[in-house]
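# Topology and contacts: notes
If you want the building blocks of each chain, they are given just below.
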Amino acid sequence: MARYSATIEWTLAPDADFCGKHYSRGHRWHFDGGLVVPASPSPSIVPPPWCDVGSVDPEEAFVAALSSCHMLFFLSEAASAGIEVTAYRDAADGVMRKNKDGKIAVTTVTLRPDARYAAPPAPPAPETIASLHHRAHGLCFIANSVHTEIVTEIVN
């Protein structure tokens, strides 16, 4: 079993009106390797100046976690198949709406993986790439942990 942790830290500014809801929601995510990420709610949920539009919001982080997990397993599966991947990009996005229980949720995340491959002998067949993505999806811990529909639209 593995354990993962993060420390989330927020402090009320001295001149803020907390009960009037006039306070910054900007906060920090601290990770075990020492990385500190500025975080804030999405401006579509909490408008400026009460959010920090330059920070990562939890919904973006959720989409990024799904995309990153999928990519890491795809790279591993490709390497095991002897397919050399030279670059990978995913313009992933998530859609938030009411789920089947009427609760607001990120209901769909669409991954758009665009991988590049070493030339010799030839690029892998589209069916091979689709199979690698299918296996990567099945192995992704994050995808296996959520109810969100995850769609993969392979670019290349």
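It should be noted that the structure appears before, not after, this text.
Described in the following lines is the structure provided in the data block. What you are looking at is a predicted structure, and each value in this text was computed from that prediction instead of being measured.

The rules behind each value
Residue positions within a chain follow its written sequence, with the count starting from 1. Since the coordinates come from a predicted model, pLDDT governs what is reported: local features require at least 70, and pairs of side-chain atoms require 80 or more to be given and counted, while whole-chain, interface and lining totals use all residues. Side-chain numbers here rest on the full set of heavy atoms in the structure, without hydrogens or water. Here the nonpolar core consists of buried residues drawn from Ala, Val, Leu, Ile, Met, Phe, Trp, Tyr and Cys, with membership extended through side-chain atoms lying within 4.5 Å. Classification of residues uses two cut-offs on accessible area relative to the type maximum, computed with a 1.4 Å probe and protein chains only: under 20% is buried, over 50% is exposed, and between them is partly exposed. The secondary structure listing takes helices from DSSP runs of H or I that are at least 4 residues long and strands from runs of E that are at least 2 residues long, numbered from the N terminus. It only takes one pair of heavy atoms within 4.5 Å for two residues to be counted as in contact. Pairing between strands requires that DSSP locate at least two bridges from one strand to the other. Patches were defined on residues exceeding 30% relative accessible area and lacking a salt bridge, with like-charge contacts within 9 Å and nonpolar side-chain contacts (Val, Leu, Ile, Met, Phe, Trp, Tyr) within 5 Å. Only the protein chains shown count as cover for residues, with accessible areas throughout obtained via the Shrake-Rupley method and a probe of 1.4 Å. A side-chain nitrogen of Lys or Arg and a carboxyl oxygen of Asp or Glu constitute a salt bridge if their distance falls within 4 Å. Helix axes are fitted to C-alpha atoms over the stretch in contact, other axes to C-alpha atoms as well, and angles between N-to-C directions run from 0 to 180 degrees. For classification purposes, angles smaller than 35 degrees are called roughly parallel, those larger than 145 roughly antiparallel, those between 65 and 115 roughly perpendicular, and all remaining angles oblique. Note on convention: near helix rotated counterclockwise from far helix by under a right angle means a left-handed crossing. Clockwise means right-handed. Residues are grouped as follows: Ala, Val, Leu, Ile, Met, Phe, Trp, Tyr, Cys and Pro are nonpolar; Asp, Glu, Lys and Arg are charged; all remaining types, including Gly, are polar.

On to the nonpolar core. If you look at the biggest cluster of nonpolar residues, it comprises 19 residues, and the most contacted ones within it are Phe-74, Val-109, Tyr-117 and Leu-132. Going through the elements one at a time, α1 (58-80), β6 (104-111), β7 (113-117) and α2 (126-139) are the ones with two or more residues in this core. No other element matches α1, which puts six residues into this core. Residues in contact with Phe-74, not counting those within four places in the same chain, are Val-85, Tyr-88, Ala-115, Tyr-117, Ile-129, Leu-132, His-133 and Ala-136.

With that out of the way, let us pick up the pairing of strand β5 (residues 93-98). Where β5 meets β6, six bridges bridge the pair, whose relative direction is antiparallel. Opposite Val-95, over in β6, you have Thr-108 as the bridge partner. Between the antiparallel neighbours β5 and β6 lie five residues, among them Gly-102 with a positive phi of about 80°.

Residues Trp-10, Leu-12 and Phe-18 make up a contiguous nonpolar surface patch of about 270 Å² in total accessible area. Inspection of the secondary structure puts Trp-10 in the loop between β1 (6-9) and β2 (27-31).

Time to look at the packing of α1 against α2. Where α1 contacts α2, the axes come no closer than 8 Å and their chain directions differ by 125°. Viewed along their axes, α1 and α2 adopt a mutual orientation that is oblique. Considering only the axes of α1 and α2, their crossing is right-handed. For the pair α1 and α2, contact is made by His-70, Phe-73, Phe-74, Glu-77 and Ala-78 and by Ile-129, Leu-132, His-133, Arg-135, Ala-136, His-137 and Leu-139, respectively. For the contact of α1 with α2, the per-class residue count stands at seven nonpolar, three polar and two charged.

Our next topic: the pattern of salt bridges. Inspection of every chain in the model, using the stated rule, returns five salt bridges. Glu-77 serves as the salt-bridge partner of Arg-135, at 2.8 Å between the closest nitrogen and oxygen. Linking Arg-135 in helix α2 with Glu-77 in helix α1, this pair joins segments that are 58 residues apart in sequence. Between Asp-114 and Arg-116 there is a salt bridge, with its nearest N and O atoms 3.1 Å apart. The class of Asp-114 is buried, set by a relative accessible area of 18%. Relative accessible area serves as the criterion here: at 39%, Arg-116 is assigned to the partly exposed category. Three or more residues joined by partner-sharing salt bridges are found here, namely Asp-93, Arg-112 and Glu-153.

Attention shifts here to the sheet that holds β1. Spatially, three strands are ordered β1-β2-β3 in an open sheet, and the strand pairing comes out antiparallel. Each having just a single partner strand, β1 and β3 (36-39) make up the two edges of the open sheet. Averaged over all pairs of adjacent strands, the angle between strand axes in this sheet comes to 20°, irrespective of strand direction. Note that β1 and β2 share four bridges and pair antiparallel. Paired with Ile-8 across the two strands is Trp-29, which belongs to β2.

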